[in-house]
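Given next are the chains, with one letter for each unit.
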Amino acid sequence: MAAERRTQEWLAEPVQRIGQDEKSPIYILAATQTRLADVATGEVVASPNDIARLGFAVAAAVAGESITGLADDAKAFAQTIADTLKAAKKPLIISGTSLQDASIMEAAAQVAQNLGSNAGLTLTVPEVNSMGLAILGGQSLEQAFAQDFDAVIVVENDLYRRLPAAQVNAALSGKDVIVLDHSETETVKKADIVLSAASFAEGDGTVVSQEGRAQRFYQVYDPSYYKPELAIKESWRWLHALETGLKGKAISWTLLDDVIESVAKNVPALEAIQDVAPNAGFRVHGLKVAREPRRYSGRTAMRAPLSIHEPKQPVDKDSALTFSMEGYVGNQTPAALVPFAWSAGWNSPQAWNKFQDNVGGHLKGGDAGIRLFDRLAKRPARTFVAPAPVVANPESFRRVPMQHIFASGEFTVKTPAMESRIPEAMFAVGEQDAARLNVQDGQKITVKTGEAEIVLPVQVIEYLPTGYIGYPVGIAPTVSLAEPVSVAVGV
Amino acid sequence: MATIHVDGKSYEVNGSENLLQACLSLGIDIPYFCWHPSLGSVGSCRQCAVTQYANPEDTRGRLVMSCMTPAADNTYISIEDNEAKNFRASIVEFLMTNHPHDCPVCEEGGHCHLQDMTVMTQHDRRRYRFTKRTHYNQELGSFISHEMNRCIACYRCVRYYKDYAGGTDFGVYASASRVYFGRPESGTLESEFSGNLTEVCPTGVFTDKTHSERYNRKWDMQYAPSVCQGCSSGCNISPGERYGELRRVENRFNGDVNQYFLCDKGRFGTGYVNRADRPRQPQFRTAGNVTTVSVDQALDTVIENIQAKKVLGIGSPRASLESNFALRELVGQENYSTGMSQKEQNLVELAASIMQTEGVYNPTMREIESYDAVLILGEDLTQTAPRMALSVREKQSQRNGSRAPYSRMVG
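Residues numbered from 1 in each chain as written. Chains lettered and ligands numbered in written order. Predicted model: local features only at pLDDT ≥ 70, side-chain atom pairs only at ≥ 80, totals over all residues.

Let's talk about the overall build of chain B
Stage number 1. Tallying secondary structure elements over chain B gives 13 helices and 18 strands in all.
Stage number 2. Here the C-alpha coordinates of chain B stretch approximately 90 × 55 × 50 Å along the principal axes.
Stage number 3. Of the contacts made within chain B by residues no fewer than 6 positions apart, 59% connect residues no fewer than 24 positions apart. (Helix = DSSP H or I, 4+ residues; strand = E, 2+ residues; numbered from the N terminus. Contact = placed C-beta atoms within 7 Å.)

Quick word on the overall build of chain A
Stage number 1. Scanning chain A from N- to C-terminus turns up 14 helices and 18 strands.
Stage number 2. Principal axes of the C-alpha set define a box for chain A whose edges measure 75 × 70 × 45 Å.
Stage number 3. Residues classed as buried in chain A amount to 51% of the 491 residues present.
Stage number 4. Contacts in chain A between residues far apart in sequence, at least 24 positions, make up 64% of those at least 6 positions apart. (Buried ≥ 20, exposed ≤ 12 C-beta atoms within 10 Å, placed from the backbone.)

Quick look at the sheet that holds strand β1 (residues 26-30) of chain A
Stage number 1. Taken in spatial order, the five strands of this open sheet run β2(A)-β1(A)-β18(B)-β3(A)-β4(A), and their pairing is parallel. Among the strands making up the open sheet, the edge pair consists of β2 (42-45) and β4 (120-124) of chain A. Averaged over neighbouring strand pairs, the angle between their axes works out to 10 degrees when direction is ignored.
Stage number 2. With respect to the sheet, helix α3 (residues 72-87) of chain A is in contact with β1, β2 and β3 (91-96) of chain A together with β18 (373-377) of chain B, its orientation differing from that of β18 of chain B by roughly 135 degrees.
Stage number 3. Across the sheet, helix α4 (residues 102-115) of chain A is in contact with β3 and β4 of chain A together with β18 of chain B; its angle to β3 of chain A comes to roughly 165 degrees. (Pairing = 2+ DSSP bridges. Axes fitted to C-alpha atoms, helices over the stretch in contact; angles between N-to-C directions.)

Observations regarding α4 of chain A
Every α-helical turn comprises 3.6 residues, leaving residues that sit three or four positions apart pointing alike.
Residue and element names in this part refer to chain A.
Stage number 1. Across its 14 residues, α4 extends 20 Å between first and last C-alpha, which sits within 8% of the 20 Å expected from 1.5 Å per residue.
Stage number 2. When you tally the buried positions in α4, you get 13 out of 14 residues, the bulk of the element.
Stage number 3. Among the residues trailing α4, Gly 116 stands out with phi positive, at a value near 95 degrees. (Expected span 1.5 Å × (residues − 1).)

A look at the interface of chain A and chain B
Stage number 1. Contacts between the two partners involve 218 residues from chain A and, on the opposite side, 174 residues from chain B.
Stage number 2. For the side of chain A that touches chain B, the residue count by class is 116 nonpolar, 66 polar and 36 charged.
Stage number 3. Where β3 of chain A and β18 of chain B come together, four bridges link them in parallel fashion. Paired with Ile 93 of chain A across the strands is Leu 375 of chain B, a residue of β18 of chain B. (Nonpolar A, V, L, I, M, F, W, Y, C, P; charged D, E, K, R; others polar.)

Overview of the nonpolar core
The nonpolar side chains of a soluble globular protein tend to be buried with one another.
Stage number 1. Val 58 of chain A together with Ala 351 of chain B are the most contacted members of the largest nonpolar core, which totals 257 residues.
Stage number 2. When residues of this core are assigned to their parent elements, the largest contribution, ten residues, is made by helix α2 (residues 48-62) of chain A.
Stage number 3. The contacts of Val 58 of chain A, once residues within four sequence positions are left out, are Ala 78, Ile 81, Ala 82 and Val 111 of chain A together with Leu 375 of chain B. (Core = buried A, V, L, I, M, F, W, Y, C linked by C-beta atoms within 7 Å.)

A look at helix α10 (residues 342-355) of chain B
Stage number 1. With 14 residues, α10 of chain B extends 20 Å from end C-alpha to end C-alpha; this agrees with the ideal 20 Å at 1.5 Å per step.
Stage number 2. Among the residues of α10 of chain B, Glu 344, Gln 345, Leu 347, Val 348, Leu 350, Ala 351, Ala 352, Ile 354 and Met 355 of chain B are the ones counted as buried.
Stage number 3. Residues of α10 of chain B that are buried make contact with α4, β4, α5 (130-136) and α13 (372-375) of chain A.

What about the pairing of strand β2 (residues 9-13) of chain B?
Residue and element names in this part refer to chain B.
Stage number 1. Note that strand β1 (residues 2-6) and β2 share five bridges and pair antiparallel. Bridge pairing links Val 6 to Lys 9 in β2.
Stage number 2. Between β1 and β2, which pair antiparallel one after the other, the connecting turn spans two residues, and Asp 7 there sits at a positive phi close to 50 degrees.

A short note on the sheet that holds strand β14 (residues 427-430) of chain A
All names here are of chain A.
Stage number 1. Overall, mixed pairing links the six strands, which are arranged β13-β17-β14-β16-β15-β18 in an open sheet. If you trace the sheet from one side to the other, it starts and ends with β13 (398-402) and β18 (486-489), each paired once. The mean angle between the axes of side-by-side strands here comes to 40 degrees, regardless of whether they run parallel or antiparallel.

Remarks on the domain arrangement of chain B
Stage number 1. According to the domain assignment, chain B contains domain 1 (2-92), domain 2 (134-274), domain 3 (288-337) and domain 4 (352-397).
Stage number 2. The gap between the C-alpha centroids of domain 2 of chain B and domain 3 of chain B is 40 Å. (Domains from an automatic or database assignment.)

Side note on the confidence of the model for chain B
Residue and element names in this part refer to chain B.
Stage number 1. Per-residue pLDDT for chain B averages 93, and the proportion of residues at 70 or more is 96%.
Stage number 2. Confidence, expressed as mean pLDDT per element, reaches its minimum in chain B at helix α13 (residues 386-397) with 85 and its maximum at strand β11 (residues 226-227) with 98.
Stage number 3. Low pLDDT, under 50, characterises residues 398-411; the stretch is placed with 35 contacts to residues that sit more than four places away or in other chains. (pLDDT = per-residue confidence, 0-100.)

Looking at the packing of helix α10 (residues 235-247) of chain A against helix α8 (residues 295-306) of chain B
Stage number 1. The interhelical angle for the contact between α10 of chain A and α8 of chain B, taken along N-to-C directions, is 55 degrees, at an axis separation of 10 Å. Considering their axes alone, α10 of chain A and α8 of chain B lie oblique with respect to each other. Along this stretch, α10 of chain A crosses α8 of chain B, giving a crossing that reads as right-handed. Across the interface between the two elements, Ala 241, Leu 242, Gly 245 and Leu 246 of chain A from α10 of chain A touch Leu 299, Val 302, Ile 303 and Ile 306 of chain B from α8 of chain B.
Stage number 2. Of the residues assigned to the contact of α10 of chain A with α8 of chain B, the class counts are seven nonpolar, one polar and no charged. (Parallel < 35°, antiparallel > 145°, perpendicular 65-115°, else oblique. Left-handed = near helix turned anticlockwise from the far one by under 90°.)

Topic: the pairing of β18 of chain B
Stage number 1. Taken across its five residues, β18 of chain B has five buried, putting it largely inside the fold.
Stage number 2. Burial along β18 of chain B is two-sided: Ala 373, Leu 375 and Leu 377 of chain B facing one way and Val 374 and Ile 376 of chain B facing the other are all buried.
Stage number 3. Relative to β18 of chain B, β1 of chain A runs parallel, the two sharing four bridges. The residue bridging Ile 28 of chain A from the neighbouring strand is Ile 376 of chain B, located in β18 of chain B.

Structure representation (structure tokens):
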């Protein structure tokens, strides 16, 4: 738009003035009012089932088919969205797993497919490596627990956040429970043996983001340098030691690169993770990359309370980085190995200028990460079908997961700086339902499912579909959200 | 492409850029404050002045702000020209008249853009001997400290917080040398992207409060290239450590993903790593009693306990591919679980299969900013993939108009 008026896009104020009445349309269909409501052209609050059906109606309208099974106003709304998307040069569809409803993502895929090749589709998934595990494959928890087993090894997973407590307790009772983790979780508390695993700060590893971008994270420091008794190791090291001990095999993985090579060889879909970052043998001008800035001070005194004799710095066999200021610091480091932004005369984060091919553009030699889906074979397009409408039963309620940026995270709630930012666990109830149930803000209600009774105070909010209760994911007990529930006011 | 002539040398540059951008991209330093690659040019700080000549014969030239001047073909400029140099030196001197002499106790010290630019312009003597302007500071919540005396009025904070991130509880007040950047009154900043103020601010007005309690200089920390573990977005971070504690997280630029910005969950949500109650050595646990054991003892006991038994391996979507694969090797594919519930696994597998479908294009986080119409189905993005919400918002924030109409459908 600014270009039409011959205004450069970097002229912040004129660009804003020219565009003040023109908006890129954003339509949001969600289970409650979202934090993007202020920039939305239209936002609709509906149940997950209605969101999916409205999404399929948009897909039908994009394809020029007639919309069936919706009220007239919803039909008109779907048509408006479809017309807007078709008129756009580059329409984008965003969806994801957070409402735990597959048909919503199917609707998103159908809209994107019907729009054709200029459309984009992006899907969010729950965790840092969810996409990586979807590619690696494996059984679900329920499938695994259905087997007969004597012992269980749990790796960096709090099962009580995955399944209802009763189900986890039943599965673990009478079994040898070995847990590898870096935090004191409910599952760790149930363990017979705990092996101290590394978090992202003490270990190396590869994760795959929602766009399918495989990226490597590297160990920040070696805890045993400061406290020699500490034994924090990456889970793969613990597990390989167990495997070689158990099977009487020779140790075959001594470096991270050995594991990566094994993964690439055994899981063809993950072969590209070898290219994510340079291997441990990589050098810049014959040097490893320094984790510490050149001016790093106090190293000799750091361990003085333990011994006045300064030991050798820990050696990092796994990567091309060193635990030292001795090594390469500068802008010839490949993007995947840049530990911090610094360039001579540039100490602030503005130093990124010196690492970029063009200021504000991309890092020299290409940004970090390999997009796996660009390299994998494509599957034929499918046609998805809209779900049947869910018939509302006035006697029972359904629950819709409510996510919160800080409260839903497993570890943000364990972070001291976050304490004042975590809201109290509450059931969200829409105004109409609150009136119908005769409950007010702060009053407690009991939600009964087959498996459990949960009592929480109520937060009455303006926008929530009728017949639905918002369930605070992450700060309330894990329950299956699928079945309808009955609600009683009071404890 | 365009050819520009800088101090007698010719360079090929992208003609759609401004002179400051073009010169920085060439590796030529020009000091600046208010310009930021993601926030554009406003020409308010006057620091990036250079001399522009009408043609090669012109010897007088005139001062221009390089951030406000297009890098048009056949532009002749001089950065080293004395008039431009003196002008830039006096601008820094003016900015410093009200800036406190508190670098030794300022948390920005050592990674401060104002320090860098002051050194770059070779300003090293104070001539101003009078009272400095002072302000009251605000309490902005548990993430960010506020010290308005250090402000040089570049307007980056308000342009980021309000115009870029769409925040409504932050603004600029008063006028002239008393101009004030902050909230209408003390209180927690509402935006989920407030932490970027600490990096956007070229000096120490906004600093990381979570780092304050156990503080040290940027040069005294050890870093690693890392990836945020907070959600599935894959933003790049630069965590800093000293004395075996994770002290702070800063943004690590990735031009395809997070670029210059992180969300507050990623920036301030890593304190769990330092918790005293985490297991740092192998442990035997019986009926609530925890005994610390050696690595060998732990390994031998585990091996003894699982020998000749059927062992189930439960992996995790928050563990690395390497660790999940190592578990699968140990227990065998038939006994390995991803550690997801059936419901979650079905959803994630569906997402992965849709992404591999013929004709479906999956954009990077940066590309999201280039789309001109968006339909969001069933996600409150700010809660589930916050950085992506900022990308969606950024597109719109350039054009903030009246509040959007709001409709409601009863399901």
